[in-house]
Amino acid sequence: MKYTIAVIPGDGIGPEVTNQAKKALDAVAYAYNHVFLYKEAQMGACAIEATGNPLPDKTIDICKAADAILFGAIGDLKYDNNPEAKVRPEQGLLKLRKELGLFCNVRPIKAYNQLIENSPLKKEVIQGTDIVIYRELTGGIYFGKKEVSKDGLSAYDACLYSVDEISRITHLAFKAAQNRRKKVTLVDKANVLETSRLWRKTVSEIAKQYKDVTLDFLFVDNAAMQLILNPKQFDVILTENLFGDIISDEASVIGGSIGLLASSSVGEKNALFEPIHGSFPQAKGKDTANPLASILSAALLLEHLGLHDEAEAIERAVEKSLVLGITTEDIKGKKDFFTETSKVGDFIADYIINQEDSNMNFMNIHAGQSTII
Ligand code: IPM
Ligand code: MG
């Protein structure tokens, strides 16, 4: 089959990790006889430099016309350190999410056995953890009215949610739970926030349609603690935009590295796949960033296109790279060697195409004699 994929490398390490995901996709195309047509587009700080606009119209058009979107990372220290900046890279991503209606952000978190020792958390606590966070992505405080007073001495960001916005993601979270361990935890702050009370009411009502799924509630402060104390209690976590942003970074500690976490952002018509990590400008161009989150995002993309075997081929290759320790510095653990970003990508691509031989080739990687690179 032939598919058009919009590719937005973005800022910082975005381009280098996205290149590895493309290698994995090319390997899938080769092994399974597909054609992936990449349409590159700009967004973020690089787009501001080039056009003055973090999300040029052309990028929106390319994304709308594509079967799926692969995105790298966004953000630049120049803007992070300048609260006065009127135009910011992140505005590009937020506008794209809104423009394409990507309301449902799915962030799977699992403890990989091979990396269990990497986490600062105790092995007994995290082993077997398998959570999926459903984060609402186009509402809440991110998109409410914001204003700074004329004298610059006060500011506000309004948090708004409608029943419709809550309902559509809630149905998706419950459907996901039905295919998993049948538990949804709504994370909110209903003891304080009006929007959270609307979430509770709406979600409780919808839960009646999913009798096989248990619903429970946690305040976000408690949820933040429970995630570290006993992450295995969670199956599907459903939450609003800002809480989801925060607890998904926190939950990444369970996986051993934020460099492993992929996500999908889906709407009625479009879907975008991206690592949950940021642009890590300090590592830009150094060939040290972990490409696995981007590669796993490509697997989610294939899954979305209905290419299940192909997605699994990528996941198997990633697992293999972890077993063999062909990983970047952030997850080298107790091993005294690590591999460059590009070489991890080469291994994954190679393993997708010739699984059996890759083991052999790997033996030479650290000796610098690999035949696959
Ligand atoms: C994420 C990121 C974004 C967010 C930023 C880059 C705007 O942190 O996708 O989690 O806050 O949603
Ligand atoms: Mg975030």
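Values in this document were obtained by computation on a predicted structure and should not be read as measured data.

Visitor: Outline the site of ligand 1, supporting the account with residue identities and numerical values.
Guide: In the vicinity of ligand 1, the contacting residues are Ile74, Glu90, Arg97, Arg107, Arg135, Tyr142 and Asp245. Note that an oxygen atom of ligand 1 is positioned 2.8 Å from one of the side-chain N or O atoms of Arg135. Within the side chain of Asp245, one N or O atom sits 2.9 Å away from an oxygen atom of ligand 1. In isolation ligand 1 has 320 Å² of accessible area, and contact with the protein removes 80% of it. Classifying every residue of the shell around ligand 1 by side-chain character gives two nonpolar, no polar and five charged. When residues of the shell around ligand 1 are sorted by domain, at least three fall in each of domain 1 (1–102 + 264–373) and domain 2 (120–255).

Visitor: Tell me what's going on with the sheet that holds strand β2 (residues 35–40), and back it up with residues and numbers.
Guide: Here we have 10 strands laid out as an open sheet, ordered β2-β1-β3-β12-β11-β4-β5-β10-β8-β9, and mixed in their pairing. Looking at the sheet topology across the chains shown, the edges are occupied by β2 and β9 (214–219). For this sheet the average axis-to-axis angle between neighbouring strands, irrespective of direction, equals 25 degrees. Bridge count between strand β8 (residues 183–188) and strand β10 (residues 236–239): four bridges; the pairing is parallel. Bridge pairing in β10 places Leu186 opposite Leu238.

Visitor: Tell me about the nonpolar core, and name the residues and values.
Guide: Tyr134, Ile314 and Ile348 are the most contacted members of the largest nonpolar core, which has 66 residues in total. Two domains share this core, each providing at least three of its residues, namely domain 1 (1–102 + 264–373) and domain 2 (120–255). Residue contacts for Ile314: discarding those within four places in its chain leaves Ala24, Val28, Ile295, Ala298, Ala299, Leu302 and Ile352. Ile116, Leu121, Ile126 and Ile237 belong to the second-largest nonpolar core, a separate cluster that totals 20 residues.

Visitor: Before we move on, can you summarise the packing of aromatic side chains with the specific residues and values?
Guide: Counting across every chain of the model gives four aromatic pairs. Each ring, one from Phe347 and one from Tyr351, has its centre 5.8 Å from the other, and the planes form 25 degrees; the classification is stacked. Here Phe347 pairs with Tyr351, and both are found in helix α13 (residues 341–353), just four residues apart, close to one helical turn. We classify Phe347 as buried; its relative accessible area is 0%. Seen from the ring of Tyr38, Lys22 lies directly overhead, with NZ or CZ sitting 5.2 Å from the centre. Against the face of Phe103 rests Arg168, its NZ or CZ located 4.3 Å from the ring centre.

Visitor: Could you give me a rundown of the pairing of strand β12 (residues 271–275), with the residues and numbers involved?
Guide: In terms of residue burial, β12 counts as a mostly covered element, since five of its five residues are buried. The alternating pattern of β12 places Ala271, Phe273 and Pro275 on one face and Leu272 and Glu274 on the opposite face, and all of these are buried. Relative to β12, strand β3 (residues 68–73) runs parallel, the two being bridged by two bridges. Among the inter-strand pairings, Ile69 is bridged to a residue of β12, identified as Leu272.

Visitor: Tell me about helix α9 (residues 220–229), and name the residues and values.
Guide: Every buried residue belonging to α9 is among Val220, Ala223, Gln226 and Leu227, and all of these are buried. Looking down the long axis of α9, one finds its buried residues gathered within 110 degrees of arc, a one-sided arrangement. Buried-residue contacts for α9 involve β5 (130–136), β8, β9, β10 and α10 (241–255).

Visitor: Any details on the side chain of Thr328? Residues and values, ideally.
Guide: Mapped onto the secondary structure, Thr328 falls in the loop between α12 (308–324) and α13. Judged by relative accessible area, which is 0%, Thr328 ranks as buried. Here the side chain of Thr328 touches Asp330 through a polar contact of 2.6 Å, side chain to side chain. Discounting chain neighbours no more than four positions away, the residues touching Thr328 are Thr288, Ala289, Asn290, Pro291, Phe338, Thr339, Glu340, Thr341 and Val344.

Visitor: How would you summarise the side chain of Thr18 if you had to cite specific residues and measurements?
Guide: Counting through the fold element by element, Thr18 comes out in helix α1 (residues 14–32). Since its relative accessible area comes to 1%, Thr18 is described here as buried. When near neighbours in sequence (up to four residues on either side) are disregarded, Thr18 contacts Val7, Pro9, Leu70, Phe71, Gly72 and Ser294.

Visitor: Any details on the packing of helix α11 (residues 292–304) against α12? Residues and values, ideally.
Guide: As a packed pair, α11 and α12 sit with axes 7 Å apart at the nearest point and diverge in direction by 160 degrees. One element, α11, and the other, α12, form an angle in the roughly antiparallel class. Between α11 and α12 the crossing geometry is left-handed. On α12, the residues touching Leu292, Ile295, Leu296, Ala298, Ala299, Leu302 and Glu303 of α11 are His308, Glu310, Ala311, Ile314, Glu315, Val318, Ser321 and Leu322. Residue composition of the contact of α11 with α12, by class: 10 nonpolar, two polar and three charged.

Visitor: Break down α12 for me, with residues and values.
Guide: With 17 residues, α12 ought to run about 24 Å at 1.5 Å a step, and its terminal C-alpha atoms sit 24 Å apart, in line with that. Every buried residue belonging to α12 is among Glu310, Ala311, Ala313, Ile314, Ala317, Val318, Ser321, Leu322 and Leu324, and all of these are buried.

Thresholds applied
- Residues numbered from 1 in each chain as written.
- Chains lettered and ligands numbered in written order.
- Predicted model: local features only at pLDDT ≥ 70, side-chain atom pairs only at ≥ 80, totals over all residues.
- Heavy atoms only, no water.
- Near = heavy atom within 4 Å.
- Polar contact = N/O pair within 3.5 Å; in protein donor to acceptor, adjacent residues only side chain to side chain.
- Areas by Shrake-Rupley, 256 points an atom, 1.4 Å probe, with all protein chains shown as cover.
- Nonpolar A, V, L, I, M, F, W, Y, C, P; charged D, E, K, R; others polar.
- Domains from an automatic or database assignment.
- Pairing = 2+ DSSP bridges.
- Helix = DSSP H or I, 4+ residues; strand = E, 2+ residues; numbered from the N terminus.
- Axes fitted to C-alpha atoms, helices over the stretch in contact; angles between N-to-C directions.
- Core = buried A, V, L, I, M, F, W, Y, C linked by side-chain atoms within 4.5 Å.
- Buried < 20%, exposed > 50% of the residue type's maximum accessible area, 1.4 Å probe, protein only.
- Contact = heavy atoms within 4.5 Å.
- Phe/Tyr/Trp six-rings, centres within 6.5 Å; stacked < 30°, edge-to-face > 60°.
- Lys NZ or Arg CZ within 6 Å of the ring centre and 35° of its normal.
- Arc of directions from axis to C-beta.
- Parallel < 35°, antiparallel > 145°, perpendicular 65-115°, else oblique.
- Left-handed = near helix turned anticlockwise from the far one by under 90°.
- Expected span 1.5 Å × (residues − 1).

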